[in-house]
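Examining the three-dimensional arrangement
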Amino acid sequence: QDFLQRVVEHLESIDRSDIEIEASDDHVQCEITGVGTYLIHYQSFKEELWLSSPQRGAFHFRYEPSQDAWVDTRNPNAPLRDTLNDDLGHILSLNF
């Protein structure tokens, strides 16, 4: 959940009229006009994060203590931070 809070803080630091952010304890939703809606959802019972991207589809992440990072369950060399930077960060000129 700390990760979600950091994502919200990054998104809220942007002064753009084309994004709308909605956040709660277990999800962050970012809608970008002309692009679509990104959703990061934390499933506490599984201790997993899901990312839905209008650009690249759905991703599933688990926390890997040895890397101190959320990593893609299909590609353990792909941390969530890199996925966000390549996708949402690229569009918004942000570095997560």
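Keep in mind it's a predicted model, so treat the numbers as computed, not measured. (Residues numbered from 1 in each chain as written. Predicted model: local features only at pLDDT ≥ 70, side-chain atom pairs only at ≥ 80, totals over all residues. Heavy atoms only, no water.)

**Quick notes on the pairing of strand β4 (residues 48-53)**
Heads up, the condition is: At least two DSSP bridges between two strands are required for those strands to pair. For helices the rule is a DSSP run of H or I covering at least 4 residues; for strands it is a run of E covering at least 2, with both sets numbered from the N terminus onward.
Here five bridges tie strand β3 (residues 36-43) to β4, and the two strands are oriented antiparallel to one another. Bridging from a neighbouring strand, Leu39 pairs with Ser52 of β4. Where β4 lies against strand β5 (residues 57-64), six bridges are found, and the strand directions are antiparallel. By the bridge assignment for β5, Leu51 is matched with Phe59. In this structure, the hairpin formed by β4 and β5 is closed by a connection of three residues.

**Some remarks on the packing of helix α1 (residues 2-12) against helix α2 (residues 80-92)**
For any two helices packed against each other, one specifies the inter-axial angle together with the distance between the axes. We apply this condition: Only the stretch in contact is used when a helix axis is fitted, and all axes are lines through C-alpha atoms; the angle between N-to-C directions ranges over 0 to 180 degrees. Any angle from 65 to 115 degrees is called roughly perpendicular, while one under 35 is roughly parallel, one over 145 is roughly antiparallel, and all others are oblique. With the far helix as reference, a near helix turned anticlockwise by less than a right angle produces a left-handed crossing, and one turned clockwise produces a right-handed crossing. Every residue pair with non-hydrogen atoms within 4.5 Å of one another is taken to be in contact.
It is at 13 Å that the axes of α1 and α2 come closest, and there the two elements cross at 15°. Judged on the interaxial angle alone, α2 and α1 are roughly parallel. For the element pair α1 and α2, the recorded crossing hand is right-handed. Judged by residue contacts, Phe3, Arg6, Val7 and Leu11 of α1 engage Leu80, Arg81, Leu84, Leu88 and Leu92 from α2.

**Considering the packing of aromatic side chains**
We apply this condition: Whether two aromatic rings pair depends on their centres lying within 6.5 Å, for rings of Phe, Tyr and Trp, where Trp uses its six-membered ring; planes under 30 degrees apart make the pair stacked, over 60 edge-to-face, and the rest tilted.
For the structure on display, the rule yields three aromatic pairs. Here Tyr63 and Trp70 contribute two aromatic rings whose centre-to-centre distance is 5.6 Å and whose plane-to-plane angle is 65°, an arrangement assigned as edge-to-face.

Keep in mind these values describe shape, not function.
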